[in-house]
Amino acid sequence: MSIFDPAETSLAAPSDGRSWLERVPVAYWVVGLILLIMPAIAGDFMLFQIFGWTFILGLIALGLMFLGGYGGMVSLAQMSIAGVGGYMVAIFGVSAIDTISLGWPWYVAIPIALIIAMLFGTLTGWLAVRTEGIYTIMITLAIAAAFFYFARQNYVMFNGFSGFNGVLPPMLFGVDWRGAAAFYYLTLFWAALGYLVVLYISRAPFGLALQGVRDNPRRMSALGYNVTAHRVAAYTFASLLAAIGGILLTWQSAQISPGTAGIGPAIDILVIAVIGGMRHPVGPFIGAFIYVILKTYAIDALVTLGLSGERFQLLIGIAFLSIVFWSPDGIIGLWDRLREDRKRDPLTGRGGEEP
Amino acid sequence: MNAVLDAGSTISERLGATGTANALELKGVSKYFGALAALIDIDITVRPSERRAVLGSNGAGKTTLFNCVAGDFPATTGSIRFFGEDITRFPPHERIRRGLRRTYQISLLFTGLTVLDNIFLACIGVSRSRFSFLQPGRDDALMASAENLVRVVHLEDAKDEQVATLSYGQQRQLEIAMALAGAPRFILFDEPAAGLSPAERSELIEILVGLPTHMGFIIIEHDMDVALRVAESVTMMHNGRIFKEGSPAEIEDDPEVQALYLGGEVG
């Protein structure tokens, strides 16, 4: 039951007297630096398609990791909420479908889009928290499917099958934010911010209580917590992450259509979170990177091997299955176990658990 | 110790508002699990600062009584009033926020967290910071009251230990600390002394006797010695019904109670 990491979740103020800057682990400096100078190393395709997409999908899956890892609730509606965010930016903002789009400035359209997506996510959560386990998955899958078919059949607001194209980010500070390096930094900023906020909240009263609700809802109730309200609030927060991701995703492809938020993409988000690992907010980003690499290069790899490129989904499926088979808690779990093994005494086999 | 627990509380205001109402007033409370009657027509009245022991054999309905009062399971029939307010249909967290507290017979603690963090979690639960997205700072008031509670239950030396590493007796003390978080008005102790060594038992009695005098409680206890030392009145339960009520001396001398306890009629 003790999934809390005491070293990480202790709420007592640190006593070693170091400032917060000094307590940032070395790995953060290294990864942060590499990510910052990436545009100097990588090409445009790598920046825009691989990393941009990784950060966006990671951000959407981060919401699922927050719900699943800290709250014990698995929702398949994250991609639909992202879809709502994307659609609302297209509807309230500017797109090529000017018969529907209202053309409001970005600083009005984006907040409205975020609020509507969060309302949608909160409503989803309000329905879903009454259920547990497999039933939560079923009800959120049903909501995802309903949203997909609704968007495809509604032409008045959602423009049906074809959706909206020409949905572009604003030309803020004179920068074309769809340029490779600019888009890379834009998505990196939101991904990093989302990551840090989730990490911070996991140790704040709200996040700690959410983990308490996951481990022992009856006890939390007997401590004065409204378990239902806490769970619904977690959905609201996860929706904010999804909505930001959804808007970025719409800008990346400059369009949004029902397929963006279909059932396949909804399940892909779950796959990404599970591959990466649900125990730590870095998991969804690792999962998203693996997913994007597979999705982008699986066809080439198969063709190189002299196989039919159409079978790329099979390769993705095999990769997913083998990761889940070897490590049920994803890449993070695999990493943790390797690190533990290295500390183990080779003769006695003991000492692996010691810090 | 009074000062410690009273810090920042609104007990006197609440007492003023509720006037002379009883802390607990149960009328005709029954609880059925399907066809099984766990509680039958229970009437209990407890004054605000009263300390009551509930005795009875296993299966007498003592813990079920607590579950109905605290809201873990709602009562099937009857009404429950807490300081005059009808709480019969309230969810557990609403009862807790009104100043009711309970401990569990089988510890329901967060074993992966430290002692201090468990108590801190209990302190946030009854505060407005429940939904706070901000981490507590160095001079956080709730963290300070958590530190105070650590002292109240004599766990200073273990406050940074992970709960899983605590002894059984220390875990029982932690249970009590969590029930004291915020501004409790009335506490339900579910067999706090069960499984404790004689030394731990006397430490527990010391903690219970040392609670602020305005703080009433009901304690479920098998051990007559503990019960009689901390309680001023006793309720005997048997087969889901109230069997006898009275002062400790009356209960001890009662021939029917003696027959029940010594006759081996019930386990």
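Each value, and the rule that gives it
- Residues numbered from 1 in each chain as written.
- Chains lettered and ligands numbered in written order.
- Predicted model: local features only at pLDDT ≥ 70, side-chain atom pairs only at ≥ 80, totals over all residues.
- Heavy atoms only, no water.
- Helix = DSSP H or I, 4+ residues; strand = E, 2+ residues; numbered from the N terminus.
- Rg over C-alpha atoms; globule rule 2.2 N^0.38 Å.
- Buried < 20%, exposed > 50% of the residue type's maximum accessible area, 1.4 Å probe, protein only.
- Contact = heavy atoms within 4.5 Å.
- Pairing = 2+ DSSP bridges.
- Phe/Tyr/Trp six-rings, centres within 6.5 Å; stacked < 30°, edge-to-face > 60°.
- Buried area = accessible area lost by both parts, 1.4 Å probe.
- Salt bridge = Lys/Arg side-chain N within 4 Å of Asp/Glu carboxyl O.
- Polar contact = N/O pair within 3.5 Å; in protein donor to acceptor, adjacent residues only side chain to side chain.
- pLDDT = per-residue confidence, 0-100.
- Axes fitted to C-alpha atoms, helices over the stretch in contact; angles between N-to-C directions.
- Parallel < 35°, antiparallel > 145°, perpendicular 65-115°, else oblique.
- Left-handed = near helix turned anticlockwise from the far one by under 90°.
- Nonpolar A, V, L, I, M, F, W, Y, C, P; charged D, E, K, R; others polar.
- Patch = residues over 30% accessible without salt bridge, like charges linked within 9 Å, V, L, I, M, F, W, Y side chains within 5 Å.
- Areas by Shrake-Rupley, 256 points an atom, 1.4 Å probe, with all protein chains shown as cover.
- Lys, Arg positive; Asp, Glu negative; His and termini not counted.
- Charge placed at Lys NZ, Arg CZ, Asp CG, Glu CD.

J.: Explain the overall build of chain A to me, please; I cannot follow it from the model alone.
T.: Each helix and strand counted, chain A has 14 helices and two strands in total. A compact globule built from 355 residues would reach a C-alpha radius of gyration of about 20 Å, and chain A, at 21 Å, matches this within 12%. Considering only C-alpha atoms, chain A reaches an extent of 70 × 55 × 40 Å along its principal axes. When the 355 residues of chain A are sorted by exposure, 50% land in the buried category. In chain A, the share of contacts with a sequence separation of at least 24, taken over all contacts with a separation of at least 6, comes to 74%.

J.: What is the right way to look at the pairing of strand β7 (residues 186-190) of chain B in this model?
T.: For a regular strand, side-chain orientation follows a simple rule: the groups alternate between the two sheet faces. Residues and elements named next belong to chain B. In terms of burial, β7 is largely enclosed, as five of its five residues are buried. Residues of β7 alternate between two faces, with F186, L188 and D190 on one and I187 and F189 on the opposite face, all of them buried. Taken together, the three bridges between strand β6 (residues 100-102) and β7 define a ladder with parallel strand orientation. Each residue of the ladder has a partner; that of R101, found in β7, is I187.

J.: Explanation requested: the packing of aromatic side chains in the structure shown.
T.: The description of an aromatic ring pair rests on the distance of the ring centres and on the angle between the ring planes. All names here are of chain A. Using the criterion set out here, one finds 29 aromatic pairs over all chains in the structure. Geometrically, the ring pair formed by F51 and F55 is tilted, given 6.1 Å between the ring centres and 35° between the ring planes. Of this pair, F51 and F55 both sit in helix α3 (residues 44-71), separated by four residues, roughly a single helical turn. The same class applies to F51 as to F55, namely buried. Taking 6.2 Å as the distance between ring centres and 75° as the angle between the ring planes, the aromatic pair formed by Y87 and F147 counts as edge-to-face.

J.: I tried to follow the interface of chain B and chain A on my own but got confused; where do I start?
T.: In many reports, interface size means the accessible area that the parts give up when they come together. At the interface, 35 residues of chain B touch 33 residues of chain A. Summing the contributions of chain B and of chain A, the shared interface buries around 3,100 Å²; its carbon and sulfur component is 63%. Of all residues in chain B, the largest losses of buried area upon contact with chain A belong to F110, F133 and Q135 of chain B, amounting jointly to 21% of the total for that side. For the interface between chain B and chain A, the tally reads two salt bridges. Close ionic contact of R218 of chain A with D72 of chain B constitutes a salt bridge, the shortest N to O distance being 2.7 Å. Here chain B and chain A share ten residue pairs in polar contact (both at pLDDT 80 or more) between them.

J.: Where do I start with the confidence of the model for chain A in this structure?
T.: Should pLDDT be low for a region, the predicted coordinates there are not to be read in detail. All names here are of chain A. On average, residues of chain A score 84 in pLDDT, and 90% of them are at 70 or above. Within chain A, the element-level pLDDT minimum falls on helix α1 (residues 6-9), averaging 43, and the maximum on helix α10 (residues 227-253), averaging 94. Contacts for the low-pLDDT stretch residues 1-9, under 50 throughout, to residues beyond four places or in other chains number 23 contacts.

J.: What should I look at first to understand the environment of G93 of chain A in this one?
T.: Residue and element names in this part refer to chain A. Take G93: it is sitting in the loop between α4 (78-92) and α5 (106-128). When its relative accessible area of 4% is taken as the criterion, G93 is described as buried. Taking the C-alpha atoms as reference, G93 lies 9.3 Å from A113; in sequence the two are 20 residues apart. Residues within four places of G93 in sequence aside, it is in contact with M88, S101, L102, G103, W104 and A109.

J.: It is not clear to me how the environment of A75 of chain B should be interpreted in this structure. Could you clarify?
T.: All names here are of chain B. Following the sequence through the fold, A75 ends up in the loop between α3 (62-70) and β4 (77-82). Remark: the alpha-carbon pair of A75 and I106, spanning 31 residues in sequence, is separated by 21 Å. Leaving out residues up to four positions away in the same chain, A75 has contacts with V29, S30, K31, C68 and R89.

J.: Can you walk me through the sheet that holds strand β5 (residues 85-86) of chain B in this structure?
T.: Working definition: the strands of a sheet are paired by backbone hydrogen bonds and lie parallel or antiparallel to each other. All names here are of chain B. In spatial order, the strands read β2-β1-β4-β5; together these four strands make up an open sheet with antiparallel pairing. Every interior strand has two partners, whereas the edge strands, β2 (36-46) and β5, have only one. With two bridges connecting them, β4 and β5 associate as antiparallel partners. Paired with R81 across the two strands is D86, which belongs to β5.

J.: Explanation requested: the packing of α4 of chain A against α5 of chain A in the structure shown.
T.: Axes are the key here: two packed helices are described by the angle between their axes and the distance separating the axes. All names here are of chain A. Two elements in contact, α4 and α5, have axes separated by 8 Å at closest approach and are oriented at 150°. As judged from the angle between their axes, α4 and α5 are roughly antiparallel. The handedness of the crossing between α4 and α5 comes out as right-handed. On α5, the residues that touch S80, I81, V84, G85, M88, V89 and F92 of α4 are A109, I110, I112, A113, I116, A117, F120 and G121. Its residues placed into classes, the contact of α4 with α5 shows twelve nonpolar, three polar and no charged.

J.: Quick question: what am I supposed to make of a negative patch on the surface here?
T.: Residues and elements named next belong to chain B. A cluster of acidic residues, D225, E250, E252 and D253, forms a negative patch at the surface. The element best represented in the negative patch is helix α10 (residues 248-253), accounting for three residues. Residue placement: E252 occurs in helix α10. On the basis of relative accessible area, E252 is assigned to the partly exposed category, the value being 41%.

J.: For this particular structure, what's the right way to read the environment of M220 of chain A?
T.: For M220 of chain A, the location among the structural elements is in helix α9 (residues 217-221). Through-space distance from the C-alpha of M220 of chain A to that of T187 of chain A is 37 Å; in sequence the pair is 33 residues apart. If near-sequence neighbours (up to four positions away) are discounted, M220 of chain A is found in contact with A209, G212, V213, Y225 and V227 of chain A together with F110 and L121 of chain B.

J.: Sorry if this is basic, but what is going on with the pairing of strand β3 (residues 51-56) of chain B here?
T.: All names here are of chain B. Counting buried residues in β3 gives six out of six residues, a clear majority hidden from the surface. The sheet contact formed by β3 and strand β9 (residues 233-238) spans five bridges and is parallel. Within the sheet, the bridge partner assigned to R52 lies in β9 and is S233.

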